[in-house]
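# Overview (structure and organization)
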Amino acid sequence: MPNSNINIIIEKNVPFVKGLLDDYATVRYLAPEEITPKAVADADGMIIRTRTFCNQELLGKSDCKFIATATIGTDHIDLDWCRSRGITVVNAPGCNAPAVAQYVFGSIMQTINRPLAGHTIGIVGVGHVGSIVERWARALDMKVLRCDPPRQRAEGGDDWCDLATIAREADIITFHTPLTKEGPDATYHLVDADFLASLRRMPILINSARGAIVDTPALVEAIDSGYVGPVVMDCWENEPDINPELLRRCAIATPHIAGYSRDGKVRASQIAVDALTTFFMLPRVTVDAPMPKAVARVVSAPGIAESYDPTVDSDALKASPADFETLRNTYSLREEASDGKID
């Protein structure tokens, strides 16, 4: 019999976890819109995704003690408020990094009709995702520019550059930063009118990080003004109500699925479940899926192109932007890129 003293809410779109905890706790599986202040009033813990905003409005009258988000980001969680209430918050850093890197290179392959060797890629944010992008890019004989001020301050060294250098020299610019609004490294509207006007090579611009790092009207104007080349957008401001003007102008436009690989979802779900069972001292359980394979050390250009073609997902969103959430929630999880010999 489940332990009726522990009440858990699991967002029903978190994959591979249904039934795992039902023998040990009282578990409710709810859609994001069903996770309301009333629903969480008696919740002790939750496993969620980015569509559940955890803040005082949701949890102010709840006794919730634990939140696991099966995502890398936490900008849907008011961390300061949760900390003030003694709520433990756990995320899944790096869980979908290989899938996002696959998305980046799959998109590049669809927008450049020539070998990647010799092209300059600017990587803004060199964490879990950016580090894989860097490794694969170097293996493909691309020139890499790295911009990550927090890492640069912490590690030192000469192999870093500023955003101005990337704007001036990069043929491709890909963003892999968290969304932050304060401090010297704030990323909110990092891609603004000034940055876009400073671009010198009409680069491919890829956002598979967070929607609000891009100033949407400024990007629309920059595309029309010829400052930027093909634009690839997976993360949007005001999701799921995305800007139709930007959608029409994007070379590739997808419904926030860059990280949606089967392996990535398995990693995220297992991290979330492990954290919850540890917190509540429940037996460990294993998600209902094969364990992920090793992340590809390097990839080949043909291998990337074969592993994922983002234009299929782009065509679906452009045909029916009102179905953003449906396309995202019913996405057929893809396999990550295989380790490949460089040609």
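Summary of the structure given here.

Conventions used here
- In this convention, every chain numbers its residues from 1, walking through the sequence in written order.
- Note on the predicted model: pLDDT of at least 70 is required for a residue's local features to be given, and 80 or more for side-chain atom pairs to be given and counted; whole-chain, interface and lining totals, by contrast, use all residues.
- Values reported for side chains reflect all heavy atoms of the structure, with hydrogen atoms and water molecules removed beforehand.
- To qualify as a helix, a DSSP run of H or I must reach at least 4 residues; to qualify as a strand, a run of E must reach at least 2; elements of each kind are numbered from the N terminus.
- Atoms considered for the radius of gyration are the C-alpha atoms alone. The globule rule reads 2.2 Å times the number of residues to the power 0.38.
- Throughout, exposure labels follow a simple rule: accessible area from a 1.4 Å probe, protein chains only, divided by the maximum for the residue type, with under 20% read as buried, over 50% as exposed, and the rest as partly exposed.
- Any two residues whose heavy atoms approach within 4.5 Å are treated as being in contact.
- Using a 1.4 Å probe, accessible areas were evaluated by the Shrake-Rupley method; residue-level cover was limited to the displayed protein chains.
- The charge count includes Lys and Arg as positive and Asp and Glu as negative, but it does not include His or the ends of the chains.
- Think of each charge as sitting on NZ of Lys, CZ of Arg, CG of Asp or CD of Glu.
- For two strands to be treated as a pair, DSSP must find no fewer than two bridges joining them.
- If you view a crossover with the strands going away from you and the path from the first strand over the helix to the second runs clockwise, you call it right-handed.
- Two rings belonging to Phe, Tyr or Trp (six-membered ring only in the last case) form a pair when the distance between their centres is within 6.5 Å. Interplanar angles under 30 degrees mark stacking, angles over 60 mark edge-to-face geometry, and anything in between is tilted.
- Two conditions define a charge located above a ring, namely a distance within 6 Å from the ring centre to NZ of Lys or CZ of Arg, and an angle within 35 degrees of the ring normal.
- Every axis in this analysis is a line fitted to C-alpha atoms, fitted for helices over the stretch in contact. Angles between the N-to-C directions lie between 0 and 180 degrees.
- Oblique is the label for every angle not falling under 35 degrees (roughly parallel), over 145 degrees (roughly antiparallel), or within 65 to 115 degrees (roughly perpendicular).
- The hand of a helix crossing depends on one turn: near helix anticlockwise from the far one by less than a right angle means left-handed, and clockwise means right-handed.
- Three classes are used, and their members are as follows: Ala, Val, Leu, Ile, Met, Phe, Trp, Tyr, Cys and Pro are nonpolar, Asp, Glu, Lys and Arg are charged, and the others, Gly among them, are polar.

### Here we look at the overall build of the chain
On a plain count of helices and strands, the chain comes out with 14 helices and 11 strands. Relative to the globule expectation of 20 Å for 343 residues, the C-alpha radius of gyration of the chain, 20 Å, shows essentially globular dimensions. With respect to the three principal axes, the spread of C-alpha positions in the chain is 60 × 45 × 40 Å. Taking all 343 residues of the chain together, the buried fraction comes to 55%. Long-range contacts, defined here as pairs at least 24 residues apart, represent 63% of the contacts in the chain between residues at least 6 apart. By element, 51% of the accessible surface of the chain is carried by carbon and sulfur atoms, the whole surface being about 15,200 Å². Between the mean site of the 34 positive side-chain charges and the mean site of the 46 negative ones, the chain shows a separation of 2 Å.

### Let's talk about the pairing of strand 4 (residues 66-69)
Neither face of strand 4 is left uncovered, since the one carrying Phe66 and Ala68 and the one carrying Ile67 and Thr69 both have all their residues buried. Here 4 bridges tie strand 3 (residues 45-48) to strand 4, and the two strands are oriented parallel to one another. The residue of strand 4 that forms the bridge with Ile47 is Ala68. As paired elements, strand 4 and strand 5 (residues 88-90) share 3 bridges and run parallel to each other. In the strand pairing of strand 5, Phe66 is matched with Thr88. Regarding topology, helix 3 (residues 79-84) serves as the crossover connection from strand 4 to the parallel strand 5, and that connection is right-handed.

### What about helix 9 (residues 216-225)?
Every buried residue belonging to helix 9 is among Thr216, Ala218, Leu219, Val220, Ala222 and Ile223, and all of these are buried. Considering only its buried residues, helix 9 is in contact with helix 8 (193-197), strand 9 (204-207), strand 10 (231-233) and helix 10 (244-249). Following helix 9 by one or two positions, Gly226 adopts a phi angle in the positive range, close to 80°.

### Here we look at the packing of aromatic side chains
Tallied over the full model, the rule gives 7 aromatic pairs. With a centroid separation of 5.9 Å and an interplanar angle of 70°, the aromatic rings of Tyr260 and Tyr331 are classed as edge-to-face. Residue Tyr260 is found in the loop between strand 11 (252-253) and helix 11 (262-279), and its partner Tyr331 is found in the segment after helix 14 (324-329); the two are separated by 71 residues along the sequence. By relative accessible area, which is 7% here, Tyr260 ends up buried. The exposure class of Tyr331 is buried, given its relative accessible area of 15%. In this structure an aromatic cluster arises from ring pairing among Phe66, Phe279 and Phe280. In this structure, Lys18 is placed above the aromatic ring of Tyr29, and the distance from its NZ or CZ to the ring centre is 4.0 Å. For Arg146, the ring lying beneath its charged end belongs to Trp160, and the centroid distance is 3.8 Å.

### Some details on the environment of Tyr24
Summarising the element assignment, Tyr24 is placed in the loop between strand 1 (7-11) and strand 2 (26-30). For Tyr24, a relative accessible area of 27% translates into the label partly exposed. Each C-alpha atom, one on Tyr24 and one on Phe66, is 16 Å from the other, the two residues being 42 residues apart in sequence.

### Section: the sheet that holds strand 11
Judged by pairing direction, the sheet is parallel, and its 6 strands sit side by side in the order 7-6-8-9-10-11 without closing on themselves. Either end of the sheet is taken by a strand with one partner, and the two such strands are strand 7 (143-147) and strand 11. Taken together, the 5 bridges between strand 6 (residues 120-124) and strand 7 define a ladder with parallel strand orientation. The residue of strand 7 that forms the bridge with Ile123 is Arg146.

### Here we look at unusual backbone geometry
With an omega of 0°, the peptide bond running from Glu239 to Pro240 counts as cis. The residue Pro240 is located in the loop between strand 10 and helix 10 in this model. Unlike most non-glycine residues, Phe16 shows phi in positive territory, near 70°. Tracing the backbone through its elements, the reader meets Phe16 in the loop between strand 1 and strand 2.

### Some points on the packing of helix 4 (residues 97-111) against helix 5 (residues 128-139)
When two helices pack together, their arrangement is given by the angle between the helix axes and by the axis-to-axis distance. It is the contact of helix 4 with helix 5, at a shortest axis distance of 8 Å, that shows an interaxial angle of 50°. Accordingly, the angle class assigned to the pair helix 4 and helix 5 is oblique. Viewed along their axes, helix 4 and helix 5 form a crossing whose handedness is right-handed. Residues Ala97, Pro98, Val100, Ala101, Gln102 and Phe105 of helix 4 touch helix 5, and the partners they reach there are His128, Val129, Ile132, Val133, Trp136 and Ala137. Residues of the contact of helix 4 with helix 5, tallied by class, amount to 10 nonpolar, 2 polar and no charged.

Function cannot be read off these values alone, since they describe shape.
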